Amino acid sequence: MLSDADLLHLPLADLTALARVVRDGAHGRRVTFSPKVFIPLTMLCRDRCGYCTFAKAPARLTSPYLTPDEVLAVARAGRDAGCHEALFTLGERPELRYPVAREWLAAHGHASTVDYLAEMCGLVVEETGLLPHANAGALFPAELARLREVSASQGMMLESLAEGLAAHRGAPDKEPARRLATLEAAGELAIPFTTGILVGIGDDRPGQLAALRAIAASHGRHGHVQEVIVQNFLPKPGTAMARAEPCPAEDLEWAIAAARLVLPPEIHVQAPPNLSDELRPLLEAGIDDWGGVSPLTADHVNPERAWPALDVLREATEAAGHTLAPRLTVYPSFAHDPGRWLDPALRFAVLDASDAEGLARDASWCSGGEAPPPALLDRGLPAGAGRGGAVAEVLAGVALGQEVGTAEIVTLFGARGPEVQMVAAVADDLRRATVGDAVTYVRNRNINYTNVCTFKCRFCAFSKGPLSLNLRGAPYLLELDEVTRRVAEADAEGATEVCLQGGIHPDFDGDYYLHVLDAVRAGSERIHIHGFTALEVTEGARRSEVALAEYLTRLKEAGLKTLPGTAAEILDDDVRALICPDKINSEEWLEAHRTAHAVGLRSNITIMFGSVEKPISWARHIVRTRDLQRETGGFTEFVPLPFVHMATPIYLQRKARRGPTFREALLMHAVARIAYAGDIDNIQVSWVKMGTEGARQLLRAGVNDLGGTLMDENISRAAGAQHGQRMGVEDLEAIVAPLGRPLVQRSTLYALAGASSGA
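Definitions and cut-offs
- Residues numbered from 1 in each chain as written.
- Predicted model: local features only at pLDDT ≥ 70, side-chain atom pairs only at ≥ 80, totals over all residues.
- Heavy atoms only, no water.
- Buried < 20%, exposed > 50% of the residue type's maximum accessible area, 1.4 Å probe, protein only.
- Helix = DSSP H or I, 4+ residues; strand = E, 2+ residues; numbered from the N terminus.
- Pairing = 2+ DSSP bridges.
- Right-handed = clockwise from strand over helix to strand, strands pointing away.
- Axes fitted to C-alpha atoms, helices over the stretch in contact; angles between N-to-C directions.
- Parallel < 35°, antiparallel > 145°, perpendicular 65-115°, else oblique.
- Left-handed = near helix turned anticlockwise from the far one by under 90°.
- Contact = heavy atoms within 4.5 Å.
- Nonpolar A, V, L, I, M, F, W, Y, C, P; charged D, E, K, R; others polar.
- Salt bridge = Lys/Arg side-chain N within 4 Å of Asp/Glu carboxyl O.

Visitor: Describe the pairing of strand β6 (residues 225-232), and please don't skip the residues or the numbers.
Guide: Along a regular strand, successive side chains alternate from one face of the sheet to the other. For β6, the buried fraction is high: 8 of the 8 residues fall into the buried class. By the bridge criterion, 7 bridges tie strand β5 (residues 193-199) to β6 in an arrangement that is parallel. In the strand pairing of β6, Phe-193 is matched with Val-225. On the question of chirality, the crossover connecting β5 to the parallel β6 by way of helix α8 (residues 205-222) is right-handed. Pairing of β6 with strand β7 (residues 268-270), which is carried by 3 bridges, proceeds in the parallel orientation. By the bridge assignment, Ile-229 is partnered in β7 with Gln-270. Note that the unit made of β6, helix α9 (residues 249-262) and β7 has a crossover that is right-handed.

Visitor: Mind laying out the packing of α8 against α9, listing which residues take part and the relevant values?
Guide: Running from N to C, α8 and α9 point in directions that differ by 30 degrees, and their axes come no closer than 10 Å. Considering the angle they form, α8 stands roughly parallel to α9. As α8 packs across α9, the resulting crossing turns out to be right-handed. Side by side, α8 and α9 meet where Arg-205, Gln-208, Leu-209, Leu-212, Arg-213 and Ala-216 of the first sit next to Glu-250, Asp-251, Trp-254, Ala-255, Ala-258, Ala-259 and Val-262 of the second. Among the residues forming the contact of α8 with α9, the class breakdown is 8 nonpolar, 1 polar and 4 charged.

Visitor: Talk me through unusual backbone geometry; I want residue IDs and the actual numbers.
Guide: Of note in this structure, Glu-159 is not a glycine but carries a positive phi near 65 degrees. For Glu-159, the position within the fold is in the loop between β4 (153-155) and α7 (176-188). Residue Glu-159 is classed as buried on the basis of its relative accessible area, which comes to 9%. Residues other than glycine seldom take positive phi values, yet Glu-545 does so here, at roughly 60 degrees. Considering the arrangement of structural elements, one finds Glu-545 in the loop between α20 (534-544) and α21 (548-557). Classification of Glu-545 by relative accessible area gives exposed; the value is 73%.

Visitor: Provide a residue-level description of the pattern of salt bridges, including the pertinent values.
Guide: Tallied over the full model, the rule gives 54 salt bridges. Its salt-bridge partner being Arg-260, residue Asp-288 comes within 3.6 Å of it at the nearest N-O pair. Residue Asp-288 is found in the loop between α10 (280-285) and β8 (289-293), and its partner Arg-260 is found in helix α9; the two are separated by 28 residues along the sequence. Both residues of the pair, Asp-288 and Arg-260, belong to the buried class. The salt bridge partner of Arg-657 is Glu-613, with a shortest N-O separation of 3.7 Å. Placement of the pair is Arg-657 in the loop between α25 (649-652) and α26 (662-675) and Glu-613 in the loop between β15 (602-609) and α24 (615-632), with a sequence separation of 44 residues. Considered together, Arg-657 and Glu-613 belong to a single accessibility category, that of buried residues. A network of salt bridges, in which partner residues are shared, links Arg-30, Asp-355, Glu-357, Arg-416, Arg-663 and Glu-664.

Pasting the structure below:
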């Protein structure tokens, strides 16, 4: 750790270089920001700071406080614009100075400004899902505790520990001991907290270091400081400091670098982008966060300084070799430990707004939904793209023929901005080299013979208990004659495959699946039978009281050709304990497919992702299945299945995310192409879950197969997917045509039937 003497005397260039090393080691090349709306609950304040234009006298306001309707109008507009945070800005304790504030609060049933703030925070969460950040200044422990129940995070600028600053004359709440007590109380209450220093208001560099070290010490005791804002003073007309000199750029850069070097590495360092004319020097000084940026509302504290447009912020960030990512008001390390850092009432709101890394969802798209996907592959790569960073390093290794392991796969899943395009380009080059430009599909029909199931997978909206009449439809069990009829119909329409999957009915014995195979054969002697998950065959063997290999051999002799990879979900037993605790475990799934391959049945790999797990689980799943493929060679393709959340029990119980983001879904397909290179040739997209526009983008990111035409797809539809139950060849051609690639029919085992007409 550098001493104060080192920090004060090192040349600025050396200091910022050291800061960048610390920043990149802790946070990589990612720079975050919070898309938010600012809600100025009241501009009345009992303090009179020498630099502030936010605080107003009552005569200059139409009302002492925003009304609930006004608060909600701002919050709803923010939600509709894609924001996740509602930053409540307000003066400190105006009721202690202004009778009009006391009277307004009393008339509306509130004892204090903080009391009213708490009510508005709760209202915003309930009505809009935005996450409140309460910035109410120096508070007492009881007030902080009250706000913790309704806000995901809180904040208060420490500003300075210097006593007697002219800037704080007439501001009793800016007394340093008062601010430090608030910071400490927030830590004791486990409140994710934002604080910071204000550079250029009369403090000197040793004083700024003292403030930063005080913040570091409090965080060391409690671990609660999420971010530290390093803000530069700018003089404003009409204030006591209107004639003061603005903070010099080099003083701001020094303070940023000092903050990065004094504070623990996990604390994020932020500088407001609207208060500097040049953005790159802030990145060079060591920031990893731009703070809150609003597409709708002004910075009410600095209204004369407009927020940079998001495109401008992104371009400046990427030109410097970084990537930009939206975050929540609560940072990922806090979001991933909700039991410690979040009130129970806030936990689902945070989860619902999160992606798999605990950052913010970056678009309204969700799997199975109707919102269009963002166009991730159509932006030009900036000059700084690929110039360093962990993702670029992994891709450079791939180009040299190196295998990606668990850590490298997790790194690729973290790609953002231009990095996503880089990963997709590498994946698509591998696709082209491996299987060429043909986009394949199979003509098939799904037959889900029953939705009654004794297992209680919490992600499944398809299965019903024997007496269930909830969610989508009643329990059913198809008659075997109906199975035969559907197979014959599919055969007549040119289907080459029938896919059989269903619930584990309590009345089934092991022979039931043999009877289903007989029913299929009665409908068609030629159709390929692709059926029965690892769970179904494992359960069938158990109920037949025979070894799994013997049972699978019976099924094969009765006509079964291949197994689907479903029931895999995530091959990480910590995750399975949350989403399917009574189902087969990871090793049992792997053993079922190992045994199937041994008796001559091929199969595929699926992954269901986007519910509760993190990218490390995705990586483990890929590596474990890759290992099995190298052992047996029996897998034909990899099929990512993004979680469709709408009607699933786990989402309705407020315990899961709303599926993956589109970025995550695209990367799942692209990273799989890279990770399975040389082992599995085919990567399939589920058009049912991704939609036609999403499928088209994925065909540019390593995917070569569109799966089946899927007559009678029921499982995704039961979960709430809006995409059709059937895709005609002409519909598949419409997906592929803009890409200039041929659409080719295949068999289940990827024997090609020749290019289709019109492709």
